[in-house]
Amino acid sequence: MNATTESDRRDETAREARLAQVLDRSGFVLHPASRAASDAADWAMARTPAGARLLIVAAVPQADLLDDFDGERGEHGGEPFLVGPLTARNAAALRCHLRWLEPRPLPPATSAGFGDRLGLATPGHVRALRAVGGTITPVFAQQSIREMTRTARSPQAVIDDATWGSFEAGWQAGQGADADHLKTPGDITACAAAGFTMFTLDPGEHVNRDADSAPPGALREAWEALPWDRLEDSPAAMRARLAGRAFDIEGQAVHLDEGTLLKAAVKYGRAVAHVTAMYRHLCAVIGGRPFDLEVSVDETDTPTAPAEHIFVASELRRLGVRWASLAPRFVGRFEKGVDYIGDLAAFDADIRVHAAIARVFGPYKISLHSGSDKFSLYETAARHTRGLIHLKTAGTSYLEALRAIARVSPDLFRSIYAFSRGRYEDDRASYHVSAALASAPEPGGIADADLPSLLEDFHARQVLHVTFGSVLTARHADGSPVFAGTMQSILRAHPDVYAACLERHFVRHLRPFAGR
Ligand SMILES: [Zn+2]
């Protein structure tokens, strides 16, 4: 069903009038972009004093569809309607009736992942996508298990918040849903059940960080000790298959001599075995539903050499794994919330060869993790990947939420910032950041009007970036949230301020990738 054709066919004026009548009766304000029409009903979202509500006016012969939803039923002029809360059941029913809201696998073309820790960012992400043109497929629902734990969100809540945000903004052009940085089979099972369509496997804990510097004797020992049974392989067979081979990567030869093979296998062999086991588990639990697999080793210590990328790709392929994107660990530093730190020429050469390997062994996409705020890399990344790229951002939407809060509620922002400074030394442990607390300005000395500019300060920005979990889960003695509830109600009360912050920031991310 095509919504535009459908709405053209229906009597626009009559539909308008019906929704207006429902709205009048309830005193609601419609989100105009949310209005949608199907054969069976007219759909919209409204802002009300009690929060956002789903409105459905059903065609009389289709009145039964309202049974799929929770809410208050009514009738106007003989037409049944429902005013419902934004519950999980209603989100699931809405995805069934308006299929464009349902996450699905991504096309083999440029895509972008937008993390959303507060669950309110999708309308702003949509504005940015529309501003740059509609050639980038979005992933609105995207969160790692680590972040879900830190923000006390469930996989289902992550999916549902993106459903409501897409519905509110009228985004009908398709979307994926990325269960990011999954480390265990249990993570996969939970996210598959919630309806995710993209599964990012992170075998980082199985990457041998000592391989790059190990002396030959230790390397040989580690090679012998690889999990050969799980690799369905033997040292002799792997050596015969790969040692001494030269791979033609679009005219450039990459050699896998014996020493290079040993190092690649020791560094990534256990990761290959882990990804294979995770992939097979995913295939078993997803029940035939199509999905995208991403393999990501971005959060490891040393860069992925071209020969190592080839090793991983050829071995995963041998083991029957099928993937849509791969995130190598690139050269340089990809710190949270700030631009690339490193040699731009070295990155250029690095992504050039990784993109070529992805075309030869796939084609699959190169995924750029910690992709937010890496403004100096986007042109290069877009050029070398020729559209086969996934840009993944996560925390930068939270920082834009803080910018919006700094504008409309300086006191709240000031107390969040003070709290974050107090948490930084503990919270930074699991992140790649280098901000120094002493260099992050003291909250007391900053005028209200200058607070948003803290989001431009390298040190303050990283301090705010990595402390989101502590901020969002901080509780008073009585169990009530210290910040999270107030933050959300302020963002809900000023949706245009937040969406404008997101649009401005994300246009800068997306524009270099648009239209390729
Ligand atoms: Zn990552």
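The following paragraphs examine the structure supplied in this document. (Residues numbered from 1 in each chain as written. Predicted model: local features only at pLDDT ≥ 70, side-chain atom pairs only at ≥ 80, totals over all residues. Heavy atoms only, no water.)

## Topic: the sheet that holds strand E8 (residues 137-144)
Reasoning step 1: Spatially, the eight strands close up into a barrel ordered E7-E8-E9-E10-E13-E14-E15-E16, and their pairing is parallel. When the angles between neighbouring strand axes are averaged without regard to direction, this sheet yields 25°.
Reasoning step 2: Sheet topology places strand E7 (residues 111-114) next to strand E16 (residues 389-393); four bridges connect them, and they run parallel. What sits directly across from Phe114, in E16, is Thr393. (Pairing = 2+ DSSP bridges. Helix = DSSP H or I, 4+ residues; strand = E, 2+ residues; numbered from the N terminus. Axes fitted to C-alpha atoms, helices over the stretch in contact; angles between N-to-C directions.)

## Some words on helix H11 (residues 306-318)
Reasoning step 1: In a regular helix each residue adds 1.5 Å, so 13 residues correspond to 18 Å; H11 covers 18 Å between its end C-alpha atoms and thus fits that length.
Reasoning step 2: With ten of 13 residues buried, H11 lies mostly within the body of the structure.
Reasoning step 3: Buried residues of H11: Ala307, Glu308, His309, Ile310, Phe311, Val312, Ala313, Ser314, Glu315 and Leu316, and no others.
Reasoning step 4: Looking one or two places after H11, you find Gly320, whose phi comes out positive at around 90°. (Expected span 1.5 Å × (residues − 1). Buried < 20%, exposed > 50% of the residue type's maximum accessible area, 1.4 Å probe, protein only.)

## Remarks on the coordination of the zinc ion
Reasoning step 1: At the metal site, the zinc ion is ligated by His181 (NE2), Asp298 (OD) and His369 (ND1), and these contacts range over 2.0 to 2.5 Å.
Reasoning step 2: One chain supplies every donor for the zinc ion, spaced along it as H-x116-D-x70-H. Of this pair, His181 sits in strand E9 (residues 176-182) while His369 sits in the loop between strand E15 (365-368) and helix H13 (378-385), placing them 188 residues apart in sequence.
Reasoning step 3: Accessibility expressed as a relative area gives 10% for His181, which makes it buried.
Reasoning step 4: For His369, a relative accessible area of 5% corresponds to the buried category. (Donors = N, O, S within 2.8 Å, 3.2 Å for Na, K, Ca; no water.)

## Details of the packing of helix H12 (residues 344-361) against H13
Reasoning step 1: The interhelical angle for the contact between H12 and H13, taken along N-to-C directions, is 30°, at an axis separation of 9 Å. The angle between H12 and H13 places the two elements in the roughly parallel class. The way H12 lies across H13 gives a crossing that is right-handed. Facing Phe347, Asp348, Ile351, Arg352, Ala355 and Arg359 of H12, the residues of H13 in contact are Thr380, Ala381, Arg383, His384 and Thr385.
Reasoning step 2: Residues that form the contact of H12 with H13 fall into these classes: four nonpolar, three polar and four charged. (Parallel < 35°, antiparallel > 145°, perpendicular 65-115°, else oblique. Left-handed = near helix turned anticlockwise from the far one by under 90°. Contact = heavy atoms within 4.5 Å. Nonpolar A, V, L, I, M, F, W, Y, C, P; charged D, E, K, R; others polar.)

## Overview of the pattern of salt bridges
Reasoning step 1: Summed over the entire model, instances satisfying the criterion amount to 35 salt bridges.
Reasoning step 2: With its nearest N and O atoms 2.7 Å apart, the salt bridge here joins Arg117 to Glu147. Taken together, the positions of Arg117 in the loop between E7 and helix H4 (122-132) and Glu147 in helix H5 (residues 145-151) put the pair 30 residues apart, joining distant regions of the chain. Neither Arg117 nor Glu147 differs from the other in exposure class; each is buried.
Reasoning step 3: Arg461 is the partner of Asp373 in a salt bridge, and the nearest nitrogen-oxygen pair spans 2.9 Å. Of this pair, Asp373 sits in the loop between E15 and H13 while Arg461 sits in helix H16 (residues 458-466), and the two are 88 residues apart along the sequence.
Reasoning step 4: Given a relative accessible area of 6%, Arg461 falls into the buried group.
Reasoning step 5: Within the structure, one salt-bridge network assembled from shared partners comprises Asp178, Asp180, Glu294 and Lys392. (Salt bridge = Lys/Arg side-chain N within 4 Å of Asp/Glu carboxyl O.)

## Here we look at unusual backbone geometry
Reasoning step 1: Here the bond from Gly362 into Pro363 is cis, since omega is 5°, no more than 30 degrees from zero.
Reasoning step 2: One can find Pro363 in the loop between H12 and E15.
Reasoning step 3: Phi is positive for Glu250, close to 50°, though the residue is something other than glycine.
Reasoning step 4: Turning to its location among the elements, Glu250 is positioned in the loop between strand E11 (245-249) and strand E12 (252-256).
Reasoning step 5: The exposure class of Glu250 is partly exposed, given its relative accessible area of 43%.
Reasoning step 6: Phi angles above zero are rare outside glycine, and Asp373 is one such case at about 65°.

## Concerning the nonpolar core
Reasoning step 1: With 129 residues, the main nonpolar core has Phe196, Phe199, Leu293, Phe311, Tyr398, Phe413 and Met487 as its most contacted residues.
Reasoning step 2: Other than its neighbours up to four places away in sequence, Phe196 contacts Ala141, Met148, Pro155, Val158, Ile159, Ala177, Asp178, Ala179, Cys191, Ile286 and Arg289.
Reasoning step 3: One finds Ala41, Ile56, Ala58 and Ala93 within the second-largest nonpolar core, a separate group that totals 20 residues. (Core = buried A, V, L, I, M, F, W, Y, C linked by side-chain atoms within 4.5 Å.)

## A closer look at the packing of aromatic side chains
Reasoning step 1: Counted by the stated rule, this structure contains 21 aromatic pairs.
Reasoning step 2: Taking 5.3 Å as the distance between ring centres and 65° as the angle between the ring planes, the aromatic pair formed by Phe330 and Phe347 counts as edge-to-face. With Phe330 in the loop between strand E14 (325-327) and H12 and Phe347 in helix H12, the pair connects residues that are 17 residues apart, well separated along the chain.
Reasoning step 3: We classify Phe330 as buried; its relative accessible area is 3%.
Reasoning step 4: Among the residues examined, Phe347 registers a relative accessible area of 1% and is labelled buried.
Reasoning step 5: Members of the aromatic cluster, connected to one another through ring pairs, are Phe114, Phe140, Trp171 and Phe506.
Reasoning step 6: For Arg117, the ring lying beneath its charged end belongs to Phe468, and the centroid distance is 3.6 Å.
Reasoning step 7: Of note, Arg508 hangs over the ring of Phe375, and the distance from its end group to the ring centre comes to 3.8 Å. (Phe/Tyr/Trp six-rings, centres within 6.5 Å; stacked < 30°, edge-to-face > 60°. Lys NZ or Arg CZ within 6 Å of the ring centre and 35° of its normal.)

## Focus on the side chain of Ser296
Reasoning step 1: Structurally, Ser296 can be placed in strand E13 (residues 292-296).
Reasoning step 2: Judged by relative accessible area, Ser296 falls into the buried class, the value being 0%.
Reasoning step 3: One polar contact links Ser296 to Asp298, side chain to side chain, over a distance of 2.9 Å.
Reasoning step 4: When neighbours within four sequence positions are excluded, Ser296 is seen to be in contact with His181, Thr200, Leu201, Asp202, Pro203, Ala327 and His369. (Polar contact = N/O pair within 3.5 Å; in protein donor to acceptor, adjacent residues only side chain to side chain.)

## Thoughts on the pairing of E15
On a regular strand, one side chain projects to one face of the sheet and the next to the other, so that they alternate.
Reasoning step 1: Burial along E15 is two-sided: Lys365 and Ser367 facing one way and Ile366 and Leu368 facing the other are all buried.
Reasoning step 2: Bridge analysis of E14 against E15 gives two bridges, and the strand direction is parallel. Within E15, the position partnered with Leu326 by the bridge is Ile366.
Reasoning step 3: Once the chain exits E14 it traverses H12 before rejoining the sheet at E15, and the crossover so formed is right-handed.
Reasoning step 4: Handedness of the crossover is the feature at issue here: the chain leaves E15, passes through H13, returns alongside E16, and the resulting connection is right-handed. (Right-handed = clockwise from strand over helix to strand, strands pointing away.)

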